[in-house]
Every structure is written in structure tokens, then in C-alpha cells.
Amino acid sequence: MKFVIVFWMLGILPDGSFTDNRYQMVMFDPSFELRSECELYMVQREDEWLSSIESQTHYALKDEWTGIAIDGEPECRLFNHSKWELLEDGQSL
């Protein structure tokens, strides 16, 4: 199990409004052995991981969205790769 960055986002539509739905995003790469490493990366490299998510989202959705907006604070969560589940404080979500 490793720590990954998890956050909620909204899509920005061509007219400048936001999507009605929020989308939970989980960044599997990079992943971290320690929560502290994940938190440090999340803060120090925010421009890098946000840029990566934005380019992947734009590629996947083409002209449907013009960008993304983070809704709330990103966090580091433990991810069990073998069961494909996020954990919080040792409990399955």
C-alpha cells in the first residue's frame, strides 16, 4: 500500500460555468511510502501534478471542458493497489 493524492474537481465549461457534478480524482503516479512524502510533494509540486491532470483531462474530453477547478483541499490517502481501494485511518472507504 502507498499514499496517493486524492482530490475533487469540477470541469470548466466553454461558457465559463462549472460542471454540475464533482469528480473524485486519484493520482496513482507518483505514489509514496510515507504520508509525509506525499504531503510534501502535494504542496511543493502542486503546479506539476495539477498541470498533468489538466492535460490528461483536456486530452480525454477534447472540447467539452476548457479546464478544471479543484473543489476543496487535496489530501494524501493510503491506497491498497491489490484491492483497488482507498483507505482512511486504516479503514476501507
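Here the structure is shown first, and the text comes after it.
Residues numbered from 1 in each chain as written. Predicted model: local features only at pLDDT ≥ 70, side-chain atom pairs only at ≥ 80, totals over all residues. Heavy atoms only, no water.

J.: Lay out the side chain of Thr19 in plain terms, naming residues and giving numbers.
T.: Of note, Thr19 is situated in the loop between strand E1 (2-12) and strand E2 (23-32). Of the residues examined, Thr19 reaches a relative accessible area of 13% and is grouped as buried. Contacts of Thr19, omitting those with residues within four sequence positions, involve Leu10, Gly11, Leu13 and Trp65. (Helix = DSSP H or I, 4+ residues; strand = E, 2+ residues; numbered from the N terminus. Buried < 20%, exposed > 50% of the residue type's maximum accessible area, 1.4 Å probe, protein only. Contact = heavy atoms within 4.5 Å.)

J.: Just give me the short version of the environment of Leu34, but keep the residues and values in it.
T.: Looking at the element boundaries, Leu34 is found in the loop between E2 and helix H1 (35-44). Looking at Leu34, the relative accessible area reads 46%, which means it is partly exposed.

J.: Describe the nonpolar core, and please don't skip the residues or the numbers.
T.: What tends to happen in soluble globular proteins is that the nonpolar side chains get buried as a cluster. If you look at the biggest cluster of nonpolar residues, it comprises 16 residues, and the most contacted ones within it are Ile5, Phe7, Met9, Met27, Cys38, Trp49 and Ile53. Elements with a minimum of two residues in this core: E1, E2, H1, helix H2 (46-61) and strand E4 (75-80). Among the elements that line this core, the one with the most residues is E1, at four residues. Not counting residues up to four positions away in its chain, the partners in contact with Phe7 are Tyr23, Gln24, Met25, Met27, Trp49, Ile53, Ile70 and Pro74. (Core = buried A, V, L, I, M, F, W, Y, C linked by side-chain atoms within 4.5 Å.)

J.: I'd like a rundown of the pattern of salt bridges, residues and numbers included.
T.: Scanning all chains against the criterion turns up four salt bridges. Glu48 is the partner of Arg45 in a salt bridge, and the nearest nitrogen-oxygen pair spans 2.1 Å. Classification of Arg45 as partly exposed rests on a relative accessible area of 38%. Residue Arg77 pairs with Glu75 through a salt bridge whose shortest N-O separation is 3.2 Å. (Salt bridge = Lys/Arg side-chain N within 4 Å of Asp/Glu carboxyl O.)

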